[in-house]
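# Observations on chain architecture
Listed below, chain by chain, are the residues.
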Amino acid sequence: MATRPKNSEADTLELYRVALENAETQSEIATVMAELGYDSAKITEGKTLLTETRSAYDFNKTEDDGYFGSFCASIIGLICASDFGSNCATFGHELM
C-alpha cells in the first residue's frame, strides 16, 4: 500500500533550495561536497535544474494540481537519478 510523502512538493523543492544554497555559501559544506565531486559547477547545474523545476511547479500549480503531482515526482526522480542527484540524502531528501 502506497503512503503519502511526508513533505509536499513545495516543501521538497524548498529543501533542495536550502541544501544547494548551503552547499554554495557554507565553506565547510562546500569543501565536503567538492570532495564528493560536487564542485561549484555541479552546484550551479543543480540550481539551474531546481529553478526550472520550480518554474514548472509554479506554472502547473495554477493550471492543474493533479497533473503536476506526477510531473514534479518525475522531475525530482530525474534529479535524484542524475549524476548531480546521485546522493539525494546528502541534500536532506530520502528517495520516495
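Please refer to the structure placed before this passage.
Residues numbered from 1 in each chain as written. Predicted model: local features only at pLDDT ≥ 70, side-chain atom pairs only at ≥ 80, totals over all residues. Heavy atoms only, no water.

## Considering the overall build of the protein chain
For the protein chain, the count of helices and strands is 4 helices and 0 strands. Its helices and strands taken in sequence order, the protein chain reads α-α-α-α from the N to the C terminus. By residue count, 28% of the 96 residues in the protein chain fall in the buried class. When contacts within the protein chain are restricted to residue pairs at least 6 apart in sequence, long-range pairs at least 24 apart make up 63% of them. Carbon and sulfur atoms make up 54% of the accessible area of the protein chain, which totals about 6300 Å². (Helix = DSSP H or I, 4+ residues; strand = E, 2+ residues; numbered from the N terminus. Buried < 20%, exposed > 50% of the residue type's maximum accessible area, 1.4 Å probe, protein only. Contact = heavy atoms within 4.5 Å. Areas by Shrake-Rupley, 256 points an atom, 1.4 Å probe, with all protein chains shown as cover.)

## Quick notes on the nonpolar core
By size, the foremost hydrophobic cluster in this structure holds 10 residues: Leu13, Tyr16, Leu20, Ala23, Met33, Tyr38, Ile43, Leu50, Tyr57 and Ile76. Secondary structure elements with two or more residues in this core: helix H1 (9-25) and helix H3 (40-63). If you tally residues by element for this core, the top one is H1, at 4 residues. (Core = buried A, V, L, I, M, F, W, Y, C linked by side-chain atoms within 4.5 Å.)

## A word on H1
Here H1 spans 24 Å end to end across 17 residues, near enough to the 24 Å set by a 1.5 Å rise per residue. For H1, the full list of buried residues reads Thr12, Leu13, Tyr16, Ala19, Leu20 and Ala23. Along the long axis of H1, the arc covered by the buried residues comes to 125°, so they all point the same way. (Expected span 1.5 Å × (residues − 1). Arc of directions from axis to C-beta.)

## Structural notes on the environment of Arg17
Secondary-structure assignment places Arg17 in helix H1. Under the relative-accessibility criterion, Arg17 is labelled partly exposed at 41%. In sequence terms Arg17 and Thr51 are 34 residues apart; their C-alpha atoms lie 8.9 Å from each other.

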